Each structure stands twice: as structure tokens, then as C-alpha cells.
Amino acid sequence: MLSLRQSFGSRMAIVFAVSIFAFDAENASRGDDWPHWNGPTRTGAYAENGTIRSIPPNGLKKLWSAPVSLGYSGPSVVGGSVYVSDYLKTSGEVLNNPGARVGLTGSERVRCLDATTGKEVWEAAYKCDYSLSYPSGPRATPTIDGSNVYSLGAEGDLLCLDARSGKVVWDRHLKDDYKTESPIWGYSASPVIHGELLYVLAGGPGSLIVALDKLTGQERWRALSGNDIGYCPPTLVRAANQEQLIVWEPKAVHGLDPTTGTILWRYPLAPKYEMSIIPPAIQGNRMYLSGIGGVSAMLQLDTSKPGVKELWRGKPKQAIYAANGTTVFDGEYLYGADCDLGPLICARASDGERMWETFAPTGGGDRRLTHGTCFLNKVGDLYYILSETGDFIIAELTPEKYEEIEYGSQEERR
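Residues numbered from 1 in each chain as written. Predicted model: local features only at pLDDT ≥ 70, side-chain atom pairs only at ≥ 80, totals over all residues. Heavy atoms only, no water.

Asks: So what's going on with the overall build of the protein chain? Which residues, and what values?
Replies: When its secondary structure is counted, the protein chain shows three helices and 33 strands. Here the C-alpha radius of gyration of the protein chain, 21 Å, is about what a compact globule of 414 residues would show, namely 22 Å. Taken along its principal axes, the extent of the C-alpha atoms in the protein chain is 60 × 50 × 40 Å. Evaluated residue by residue, the protein chain yields a buried proportion of 54% over its 414 residues. Contacts in the protein chain between residues at least 24 apart in sequence constitute 55% of all its contacts with a sequence separation of at least 6. (Helix = DSSP H or I, 4+ residues; strand = E, 2+ residues; numbered from the N terminus. Rg over C-alpha atoms; globule rule 2.2 N^0.38 Å. Buried < 20%, exposed > 50% of the residue type's maximum accessible area, 1.4 Å probe, protein only. Contact = heavy atoms within 4.5 Å.)

Next comes the structure, spelled out in C-alpha cells:
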């Protein structure tokens, strides 16, 4: 049996093995759009039919690859185009020191590639010098809405670009506009669009989060204050018969009115090092948040008026303390990679009790791995996993076990 892992090569190239998402290249053009970070519903779930359930014995066919420079952001795919951002360094040395800023000179850019061929359609570049820890490029995935592309650079350059040409429609410079400093690990929370508004973590007194007119860039409202803004993108949820904008900054989780910025409720939750990173996993009226330092909480959204109630908080050897890869809420269970210890964990949503844990998709072995990460996408009854080791894995996650599907085993089950 061939284990369903396929290794992807250089981190300096973006590779689209379209056969991951469709049975053949002919069907690839019919694939669902992935217009912003974490997919159409921002849950990492992939709803398209006809996705693969096994990797052929000789591996997935690579249709094309294109070189990409420094960057941590993911690609967005809409209407046959791929949008990705990166950084072109002209001077300075990339040093990965978690506690110190490193200076680089260079340019950030946003690129549009043809999803069928990988050929570049356009690029929009602008000078941007870095003073960041881990300065290897932009963090935030481009957000596509209608005919516009919205990109947030690591030093706070917020651009609205025409999706067809790459021309600048409007731009904002968050550090200058809001008299603040970039987070030590850079602006990372991808812009979120809802209706006419674009939400972005900005910084500065009273403007930790701001809402801008998505067509003009003009500010509509600002809210919250804090010494640090964190790295967690805002999340929209409907509860108590109204829309609520969930903002997790390093000291607390807030529910805001998305139209006015009015603060509806606040729940204290402070991970170490100001590392509020992954957005909440939400199912129904339950919301799970977690971060580094053994910080987690399951909250219940009030259905009668805006507010939350704590159902439980994580304890040692309980729950999942995910920080980098988003936790998935699947039925009555949670799945996610624990930041402090490194394994992929299944925990019961009702009380946080752990069902199992494994290092197979994070470190590829059985050793503790601080900051071990894997990224989960739910595809029907299976999961597509991108591992810490650079492997693409197809696996079945259930409360009973983690099982990497072997070639042929799906057919044998039928």
C-alpha cells in the first residue's frame, strides 16, 4: 500500500497541483473559488464535488509551478486567476530571531497568475523597508471581492487593486494614518469584507480595528485600544438575531456591531506574547478559541441578546492549544495542532477531553515539537492536510483515530 502523502519541494516556488482538487486538468477550470484566507466560508472547508479521495501510485501530476520570492501569505484563486504576495529583498540579512526586529530594504508586491498556465498576468510592486522579527515577507493572504483585490503588507501597506490590471484603486498606510508601529511579527490579519465595509486591524489609540469603505478606503468607524493588535483576522457571526464582528486582540475577545463598531460584549482571554493569532472555531452558538501558553476557552453565544457565557476553559492535558493552524469544529469534536507540544489532537467539544493525539502530520514522528503545525481543510468526510514537514496528506479524522488513507483503501471500503 502507498501511504497518501506527497511531498512538495522548494518553499520558494508556488505549486498548484490542480489534480488535488479535481480528477483531471479538464475539470480544473470548474473548481470553486477560494477568494480569501481559509476559503469561501473562512472555515477551511472545501465544498466542491469531485475532489480526489486517493493519490495515484505515481503521485499527483504537477500542471505547472511558478517562482515566488519571500513570503508567508497564501494564494487566493478567483475566476481563473491566482493572487499571491511576496517580498523582493535588496539588502539586509534575514535572521529569524523571535524577540528582535531585523532591518531589510526591498519591495513588496502583489502578483496575478493565470490559474491554467501559471504565467504572470500582472504585478503591483511598491518600495517597503522592513523592521520586523521573521522578516521573510508579507503574511496576509489577498482578499478578492468583485473586481478588486485587497492586500495588506507586513508593514501596514493596505492596497485596493483592480483585479484585471493590478492598477491601484486606493491605498492606505496604517502606521502613518493611525500613528502606530507595526507588530513585531508584522501585520498578519487578512482583511475581511462584509457588505460595503472592509475590516482591518490597524493600531493606535481607539483604532485597534477600523472599518473602511471598500470602494474608496475612507474610514467609516474605528474601535478598541491596546498596546498590541495581535494577528487574528476578524470573524463575522450571526447570533441573537444580529450580525456580530468578533475581534480577538491580545487581552480579550470582543463582539462588535459590524455597522457602527459599537462594543457589544467583552471576554478576557490573553495568550502569551500577545499572540492572539487564529480566529475562533464556531459551530452553532458555540465558539472555541485557543493560543500559546495553555490558553483556551469554549464560549456560548447568547441567543437572546449579544453576549457570551463561558462553558469551560482548558486545563493541563486537556483541550487543544492551537496557535498557528486554525482549529476545526467538526460535529461534537475539535481537531487542531497543539502549539505547546506539537501533536495533532482530537478533543471533545463538550468538555475538552482529549480523544487522541499524534505527531504523524506535524513532525512526522513521535517526538514533542514546539510550534508543530499542520493545516487542515475538510473535504467531505476526509481531510486534506499540509504538514509541518511539507507533505500533502489525505486522512480520515474521527473521535476514535487519525488514519492516513492508503492507496486503494477507500475502494476496498466500498
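Now, onward.
Asks: Now, about the sheet that holds strand β17 (residues 219-223): what can you tell me, with residues and values included?
Replies: If you walk across this open sheet you meet the four strands as β14-β15-β16-β17, and the pairing is antiparallel. Across the chains shown, the open sheet's two edge strands, defined by having one partner strand only, are β14 (192-194) and β17. The mean inter-strand angle of the sheet, taken between neighbouring strand axes irrespective of direction, is 20°. For β14 and strand β15 (residues 197-201), the ladder comprises three bridges, and the chain directions are antiparallel. What sits directly across from Val192, in β15, is Tyr199. (Pairing = 2+ DSSP bridges. Axes fitted to C-alpha atoms, helices over the stretch in contact; angles between N-to-C directions.)

Asks: So what's going on with the sheet that holds strand β25 (residues 308-313)? Residues and values would help.
Replies: The antiparallel open sheet is built from four strands, whose spatial order is β22-β23-β24-β25. At either end of the open sheet lies a strand with only one pairing partner, and these are β22 (281-283) and β25. Here the average twist between neighbouring strands, direction ignored, is 20°. Bridging between strand β23 (residues 286-291) and strand β24 (residues 295-301) involves six bridges; their strand directions are antiparallel. Across the sheet, the residue bridging to Tyr288 is Met298, located in β24.

Asks: Help me get a handle on the packing of aromatic side chains, residues and values and all.
Replies: Scanning all chains against the criterion turns up eleven aromatic pairs. Pairing Tyr150 with Trp170 gives two aromatic rings, centres 6.1 Å apart and planes at 50°, and the pair type is tilted. Of the two residues, Tyr150 sits in strand β11 (residues 148-152) while Trp170 sits in strand β13 (residues 168-173), which places them 20 residues apart along the sequence. Here Tyr150 matches Trp170 in class, with each residue buried. Summarising the aromatic geometry, the rings of Tyr335 and Trp356 are spaced 6.1 Å apart at their centres and angled 40° between planes, so their arrangement reads as tilted. You can see Tyr335 sitting in strand β27 (residues 333-337) and its partner Trp356 sitting in strand β29 (residues 354-358), a full 21 residues away along the chain. A residue is classified by how much of its surface remains accessible, and Tyr335, at 2% relative accessible area, is buried. Ring pairing ties together the aromatic residues Tyr335, Trp356, Tyr383 and Tyr402, which thus form one cluster. (Phe/Tyr/Trp six-rings, centres within 6.5 Å; stacked < 30°, edge-to-face > 60°.)

Asks: I'd love a proper account of the environment of Glu93, names of residues and values included.
Replies: Position of Glu93 among the secondary structure elements: in the loop between β6 (81-91) and β7 (102-114). Expressed as a C-alpha distance, the spacing of Glu93 and Thr105, which sit twelve residues apart in the sequence, is 9.6 Å. With sequence-adjacent residues up to four places away left out, Glu93 is seen in contact with Val102 and Leu104.

Asks: If you had to explain the pairing of strand β12 (residues 157-162) to someone new, which residues and values would you point to?
Replies: In terms of residue burial, β12 counts as a mostly covered element, since six of its six residues are buried. Residues Asp157, Leu159 and Leu161 line one face of β12 and the alternating positions Leu158, Cys160 and Asp162 line the opposite face, and both faces are buried. By the bridge criterion, five bridges tie β11 to β12 in an arrangement that is antiparallel. Counted as the bridge partner of Ser151 is Leu159 from β12. Where β11 hands over to β12, the hairpin turn is made up of four residues, of which Gly156 adopts a positive phi near 95°. Both β12 and β13 contribute to a ladder of five bridges, which runs antiparallel. Paired with Leu158 across the bridge in β13 is Arg172. Linking two consecutive strands that pair antiparallel, namely β12 and β13, is a turn of five residues; a positive phi of about 85° is found at Gly166 within it.

Asks: Describe the environment of Pro268, with residues and values.
Replies: For Pro268, the location among the structural elements is in strand β21 (residues 263-268). Taking relative accessible area as the criterion, Pro268 reaches 46% and is therefore assigned partly exposed. For the pair Pro268 and Trp248, spaced 20 residues apart in the sequence, the C-alpha separation amounts to 9.5 Å. With residues near it in sequence (within four places) discarded, Pro268 still touches Lys251, Ala252 and Arg313.

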